[in-house]
Amino acid sequence: MLCLLTLCRGLAIAEPGPPPTAALTATNKAAPSVAAPDLDAARKQFEANIRDVQRQRREAAKALQQRYLAGLTALEEALQSAGNQLPAMLAVRGEKARFEQSGDIPTSALSAEWPALQKLQLAWRTQTAGGAREQAQKIVAASERYLQNLTLMQKDLAARQDTGSVDAVNAEKERVLGNNLVHEALALQQAAASKSRDPSLPPVREPEKPPEPAPPIPAATVVELGGYKFYPPGKEPLLKDLHPLRLEFPSADQRLTQLFYDLRVAITSAKADLSGNPSLPIYAARGGNPGHGGSPPRAVIRTKPSNIASIPRITLAARSRELPESCKMVLEYFSQPSSRANDLRLEKVEQIPLPPLPRSRAYTVDARGIALSKNDYYESNSGHHTSGREFYGLIVSLFDAGNNLLLQQCAPSTLAAQCNSKPAEPDQF
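Description of the structure in this document. (Residues numbered from 1 in each chain as written. Predicted model: local features only at pLDDT ≥ 70, side-chain atom pairs only at ≥ 80, totals over all residues. Heavy atoms only, no water.)

**Some words on the overall build of the chain**
Phase 1: For the chain, the helix and strand inventory stands at seven helices and 13 strands.
Phase 2: Sorting the 429 residues of the chain into buried and exposed places 35% on the buried side.
Phase 3: Within the chain, contacts between residues at least 6 apart in sequence are counted, and of these 68% link residues at least 24 apart. (Helix = DSSP H or I, 4+ residues; strand = E, 2+ residues; numbered from the N terminus. Buried < 20%, exposed > 50% of the residue type's maximum accessible area, 1.4 Å probe, protein only. Contact = heavy atoms within 4.5 Å.)

Quick look at the structure:
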């Protein structure tokens, strides 16, 4: 296997693949620079390849989980049929409940007492490890092909003395070299290869794992800025029913920012009635109103309007890079109709000015959130209906004083297509 790190440093490349665009085969005559569109197209294709690999891995992992749970169900049924197997049945049922919560099987969870259960557990671990190795191989292969294409592009531009585009391509190569996802895939592939080597061969030196960043230290005092309060983590006021959001990175290069900053978001929702009265009966017009000469109504509708307030609580930590002065956090709130999905809408943009944050420090801030109206209808002859909109998800972005993007994450992952490298205009409130 061609070593990825050697490949990236510009050494000879065996059997290079075809250039990504026709511009790479152009002659050395003077011509306007075409590196920017070529580079953009190559970068988008590379990122699309990486996303496809990750999607395949997620689908395979989900299939393995379903297969393992089906195996546990089949084992429990077999034990029931055999009779006199109550302890084993309880062990299998407990493992099923544990796995549904954690989605993992650590060594501490392996069953030492029931061999049939342990066999299922070991099979899942083996298949899962094989899937991780396969993903690593695909990521390394895609990165090697991409770097081959970048090297060919750089040679063509250098021959045309287009120094500006040469620098842009070189910066892209350095970005790929520093990508944490690529480093992890390469380390996993090399570790797997070393285990399968001929023991008579000299040992291969394992790649050194970078040291883990020190845990962030809470900010010392409460800071107030722009109407917001920034608390040391653990000192913030109590909020009930906080639910953590699973944040996703919208692109491969954004994933690298987790080396510099750590972002965690939890959200709480509170319901409040808009009307001062409880559910009020409204007679259906098609049946008439009794007491005014009409016939009795065929249906009685009750409506209960309410506001649903969704409030994010955000904890930001500076790992290996400080957060300078005059930075800001931009929150983009999205909604969908209560009655149907696939109709997303940007409801609100909130901008939070941020105080400077030294490395290895953290603070927590509560956003102002968003309130959305919702109506519940109860009709005697057709049941329950809802109208209005409800909270769908959130994009969180950090920008410096020059509006350069420092960090961006979203929840759920479907909002990745809505992410933008420029700050959205905040709402007036």
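**Overview of the packing of aromatic side chains**
For any two aromatic rings, the description comes down to two numbers: the centre-to-centre distance and the angle of the planes.
Phase 1: The tally for this structure, following the rule as stated, stands at five aromatic pairs.
Phase 2: Relative to Phe-99, the ring of Tyr-68 has its centre 4.7 Å away and its plane inclined at 65°; by these criteria the two rings are edge-to-face. On the criterion of sequence distance, the pair formed by Tyr-68 in helix H2 (residues 35-82) and Phe-99 in helix H3 (residues 86-102) is long-range, its members being 31 residues apart. Assigned by exposure class, Tyr-68 and Phe-99 land together as buried.
Phase 3: Summarising the aromatic geometry, the rings of Phe-99 and Trp-124 are spaced 5.5 Å apart at their centres and angled 85° between planes, so their arrangement reads as edge-to-face. With a gap of 25 residues between them, Phe-99 in helix H3 and Trp-124 in helix H4 (residues 115-159) connect regions that are remote in the sequence. Trp-124 carries the same exposure label as Phe-99, and that label is buried.
Phase 4: Of the aromatic side chains, those joined through ring pairs into one cluster are Tyr-68, Phe-99 and Trp-124. (Phe/Tyr/Trp six-rings, centres within 6.5 Å; stacked < 30°, edge-to-face > 60°.)

**With respect to the state of the cysteines**
Phase 1: As enumerated under the stated definition, the model contains zero disulfides in all.
Phase 2: Unpaired in this structure, Cys-419 has its nearest cysteine sulfur neighbour in Cys-410, at a distance of 4.3 Å.
Phase 3: Residue Cys-419 is classed as buried on the basis of its relative accessible area, which comes to 18%. (Disulfide = S-S within 2.5 Å.)

**Re helix H5 (residues 163-177)**
Phase 1: An ideal rise of 1.5 Å per residue puts 21 Å on 15 residues; H5 measures up with 21 Å between its terminal C-alpha atoms.
Phase 2: Turning to H5, its buried residues are Ser-165, Val-166, Val-169, Glu-172, Lys-173, Arg-175, Val-176 and Leu-177. (Expected span 1.5 Å × (residues − 1).)

**Some words on H4**
Phase 1: With 45 residues, H4 should reach 66 Å at 1.5 Å per residue; the first-to-last C-alpha distance of 66 Å fits that figure.
Phase 2: One or two residues past the end of H4 sits Gln-161, with phi positive at roughly 60°.

**Focus: the nonpolar core**
Phase 1: Core analysis: the biggest nonpolar cluster contains 30 residues, and Leu-263, Leu-316, Leu-323, Met-329, Leu-331 and Leu-354 have the highest contact counts within it.
Phase 2: Of the residues forming this core, the biggest block, four residues, is contributed by strand S8 (residues 327-337).
Phase 3: If you look at the next biggest cluster of nonpolar residues, it comprises 20 residues, including Ile-139, Leu-147, Leu-181 and Leu-186. (Core = buried A, V, L, I, M, F, W, Y, C linked by side-chain atoms within 4.5 Å.)

**Points about the layout of surface pockets**
Phase 1: In this structure, the largest pocket encloses a volume near 1,400 Å³.
Phase 2: Lining the largest pocket are 41 residues, with Gln-54, Phe-249, Pro-250, Ser-251 and Arg-255 positioned closest to its centre.
Phase 3: Sorting the residues of the lining of the largest pocket by element identifies H2, H4, helix H7 (252-255) and strand S13 (405-411) as the ones contributing at least two each.
Phase 4: The dominant element in the lining of the largest pocket, judged by the number of residues it contributes, is H2, at 13 residues.
Phase 5: Counted by class, the lining of the largest pocket contains 16 nonpolar, ten polar and 15 charged residues. (1 Å grid on protein atoms, 1.4 Å probe; cavity = no way out; pocket = protein on both sides within 12 Å on 5 of 7 lines; lining within 4 Å. Points joined across faces, edges and corners; volume = space filled by probe spheres on them. Nonpolar A, V, L, I, M, F, W, Y, C, P; charged D, E, K, R; others polar.)

**With respect to the side chain of Asp-262**
Phase 1: Structurally, Asp-262 is set in strand S5 (residues 261-273).
Phase 2: You can call Asp-262 buried: its relative accessible area is 17%.
Phase 3: At 3.0 Å, the side chain of Asp-262 and the side chain of Arg-264 are in polar contact.
Phase 4: When sequence neighbours within four positions are dropped, the list of residues in contact with Asp-262 reads Thr-315, Leu-316, Ala-317 and Arg-319. (Polar contact = N/O pair within 3.5 Å; in protein donor to acceptor, adjacent residues only side chain to side chain.)

**A few points about the pairing of strand S3 (residues 228-231)**
Phase 1: Across three bridges, the pairing between strand S2 (residues 223-225) and S3 is antiparallel. Its bridge partner being in S3, Glu-224 is matched across the sheet by Lys-229.
Phase 2: The hairpin formed by S2 and S3 contains two residues between the paired strands, and Gly-226 there has a positive phi angle of roughly 60°.
Phase 3: Direction of pairing for S3 relative to strand S10 (residues 361-366): antiparallel, over a ladder of two bridges. Each bridged residue has a counterpart across the sheet, and for Phe-230 the counterpart in S10 is Val-365. (Pairing = 2+ DSSP bridges.)

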